[in-house]
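So you can see what is in the structure, the chains are spelled out below.
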Amino acid sequence: MRIAIIGAGAAGCFCAVNLRRMLPEADVTVIERNSRPLAKVAITGGGRCNITNSFRDVDDLRQVYPRGGRLMQRLFRQFSPADTMRWWQDMGVPLTVQDDQCVFPRSQRAMQVVDTLLQAMQKLGVRLLTGAKVTCIRATDGGFQVSYNNTTEQFDNVVVTTGGSPRMSGLDFLPSLKIEPPVPSLFALNVGDEALNSLMGIVVADTPVSIAGTKFKAQGDLLITHFGLSGPALLRLSSHAARHLAEQEYRVRLCVNWMQGQTEEEVRTLLRSYSRQCRQVTNQHPNHLTARHWSMLLARAGVAESRRWDTLPDKELNRLTATLTADTYPTDGRRTYKAEFVTCGGVALTEIDPNTLECKHYPGLFLAGEVLDVDAVTGGFNLQAAWTMGYVVAKTLSQGQ
């Protein structure tokens, strides 16, 4: 049995290793158009590789998988995050779980993950072709013909794990499939506000952010940068609102609650409690806000720093309350988050069997990883999807023999 896996990323390489383990007699070839396999894994998590997440704080998979949550819930019954952690530890990669439930190699080295997979592929006899761009895959009576670099080979099955790039490399041969247009889904946003950007480096914990006029919202640590806003809260928002933001050309009104989700009434009550003191407003403020940040917010609300709390008029108190709970900034573009690239979009999930990931229109063809319309927020969830889908395809192929 000859099987071609197109794409040497996380899903493709994981599928290859598990396939050879489950079906030793299979002839497995991994075809990668770039010169380096697992290049994206090598840089994920800031070079530390956020292998997965404990999922301890996840009540609903739709919280972390804006697209594909129901599919992942089904697939996790076959290969769960706990299974993933056991798999890697059995491979000699000790893991550590951080306070935020992100799981990393204890070595904090992404290359340990890369080397472990590549060594396993070599040991198991997986054929790896790099610098080989697939130009055509044609279904035949006996399987599939795969053409690359002026060479054509016949395979019984093909697994497409080419990732989620806008060009959807490797899918030109499937014109009948419904494909959701890929757009970026993990990024920071530019905010052209000099006063805000001057606070670069400040992190405000547990901060709700939302897009004005929509239902899109997220909460988490918010990082102020020299160009705008980033951090877990913004990245979660960008993931859930990826398509809306693309449609708006990344120009929206971003609403920030600097008071960690407190309501206007709760904040107004807090500020009124300060009025019993004769201190200046600049010297009495919520503990989680820095003095520099507080001064900026006072200026945005039009409250002079020389004011005393006990003489602050209700009109200024209300403006300050509104600024603290619903501070709005227009955005003017996006920024890639570090060196990580994630897209939403890809082959529509209606095109595959949700139990096996086999293409409904092309029996024997499987799709796994970001090539499907599945993506997640940051925190190890995207790699977990890749490991699970790669494993499920390997299991399906091995059980079909």
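On a predicted model such as this, the values are computed, not experimentally measured, just so you know.

Reading the values: rules and limits
Residues numbered from 1 in each chain as written. Predicted model: local features only at pLDDT ≥ 70, side-chain atom pairs only at ≥ 80, totals over all residues. Heavy atoms only, no water. Helix = DSSP H or I, 4+ residues; strand = E, 2+ residues; numbered from the N terminus. Polar contact = N/O pair within 3.5 Å; in protein donor to acceptor, adjacent residues only side chain to side chain. Contact = heavy atoms within 4.5 Å. Buried < 20%, exposed > 50% of the residue type's maximum accessible area, 1.4 Å probe, protein only. Arc of directions from axis to C-beta. Pairing = 2+ DSSP bridges. Axes fitted to C-alpha atoms, helices over the stretch in contact; angles between N-to-C directions. Core = buried A, V, L, I, M, F, W, Y, C linked by side-chain atoms within 4.5 Å. Salt bridge = Lys/Arg side-chain N within 4 Å of Asp/Glu carboxyl O. Phe/Tyr/Trp six-rings, centres within 6.5 Å; stacked < 30°, edge-to-face > 60°.

**Describing the side chain of Asn-190**
Here is step 1 of the chain: Relative to the helices and strands, Asn-190 is located in strand S12 (residues 187-191).
Here is step 2 of the chain: At 3.2 Å, the side chain of Asn-190 forms a polar contact with the side chain of Arg-335.
Here is step 3 of the chain: Not counting chain neighbours up to four residues away, the residues in contact with Asn-190 comprise Phe-227, Gly-228, Pro-330, Thr-331, Asp-332, Gly-333, Arg-334 and Arg-335.

**Observations regarding helix H9 (residues 264-274)**
Here is step 1 of the chain: Inspection of H9 places Val-267, Arg-268, Leu-271 and Tyr-274 among the buried residues, and these make up the whole buried set. Viewed along the axis of H9, the buried residues span an arc of 105°, placing them on a single side of the element.
Here is step 2 of the chain: For H9, the elements touching its buried residues are helix H10 (291-301) and helix H11 (314-325).

**A few points about helix H7 (residues 232-240)**
Here is step 1 of the chain: For H7, the full list of buried residues reads Ala-233, Leu-234, Leu-235, Leu-237, Ser-238 and Ser-239.
Here is step 2 of the chain: On its buried side, H7 packs onto S12, strand S13 (203-211), strand S14 (217-224), strand S15 (228-230), helix H8 (242-247) and strand S16 (253-256).

**Overview of the sheet that holds strand S10 (residues 157-160)**
Here is step 1 of the chain: Strand order in the open sheet formed by five strands is S6-S2-S1-S10-S19, with parallel pairing between adjacent strands. The sheet is open, and its two edges are formed by strand S6 (127-129) and strand S19 (365-367), each paired on a single side. Sheet twist, expressed as the average angle between the axes of neighbouring strands with direction ignored, equals 15°.

**What to know about the sheet that holds S14**
Here is step 1 of the chain: An order of S12-S15-S14-S13-S16-S17 is seen for the six strands of this closed barrel, with the pairing classed as antiparallel. Each strand axis lies, on average, 50° off the axis of its neighbour in the sheet, ignoring direction.
Here is step 2 of the chain: Against the sheet, H10 contacts S13, S14 and strand S17 (327-336), and its axis sits at roughly 120° relative to S17.

**Points about the environment of Val-342**
Here is step 1 of the chain: Looking at where Val-342 falls in the secondary structure, it is placed in the loop between S17 and strand S18 (343-347).
Here is step 2 of the chain: On the basis of relative accessible area, Val-342 is assigned to the buried category, the value being 8%.
Here is step 3 of the chain: In the structure, Val-342 is positioned 46 residues away from Met-296 in sequence and 34 Å away in space, judged by C-alpha atoms.

**Things to note about the nonpolar core**
Here is step 1 of the chain: Ranked by internal contacts, the top residues of the largest apolar core, which has 83 residues, are Tyr-65, Trp-88 and Trp-387.
Here is step 2 of the chain: When residues of this core are assigned to their parent elements, the largest contribution, eleven residues, is made by helix H12 (residues 381-399).
Here is step 3 of the chain: Contacts of Trp-387, omitting those with residues within four sequence positions, involve Ala-10, Phe-14, Ile-51, Phe-79, Thr-84, Trp-88, Val-113 and Leu-117.

**A look at the pattern of salt bridges**
Here is step 1 of the chain: In this structure the tally under the stated criterion is 15 salt bridges.
Here is step 2 of the chain: Between Glu-370 and Lys-40 there is a salt bridge, with the nearest N and O atoms lying 2.7 Å from each other. Pair noted here: Glu-370 is in the loop between S19 and H12 and Lys-40 is in helix H2 (residues 39-43), with a separation of 330 residues, a long-range link.
Here is step 3 of the chain: Since its relative accessible area comes to 16%, Glu-370 is described here as buried.
Here is step 4 of the chain: Since its relative accessible area comes to 40%, Lys-40 is described here as partly exposed.
Here is step 5 of the chain: For Glu-180, the salt bridge identified is with Lys-178, shortest N-O distance 3.6 Å.
Here is step 6 of the chain: On the accessibility criterion, Glu-180 (23% relative accessible area) is partly exposed.
Here is step 7 of the chain: Overlapping salt bridges, with partners in common, bring together Arg-2, Asp-27, Arg-127 and Glu-153 in one network.

**Details of the packing of aromatic side chains**
Here is step 1 of the chain: Under the criterion given, the structure shown has 14 aromatic pairs.
Here is step 2 of the chain: Aromatic pair Tyr-65 and Phe-381: ring centres 6.4 Å apart, planes at 75°, arrangement edge-to-face. Residue Tyr-65 is located in the loop between strand S3 (52-53) and helix H3 (69-75), and its partner Phe-381 is located in helix H12; the two are separated by 316 residues in the primary sequence.
Here is step 3 of the chain: Ring centres of Trp-87 and Trp-88 lie 4.9 Å apart, and the angle between their planes is 75°; this geometry places the pair in the edge-to-face category.
Here is step 4 of the chain: For Trp-88, a relative accessible area of 0% corresponds to the buried category.

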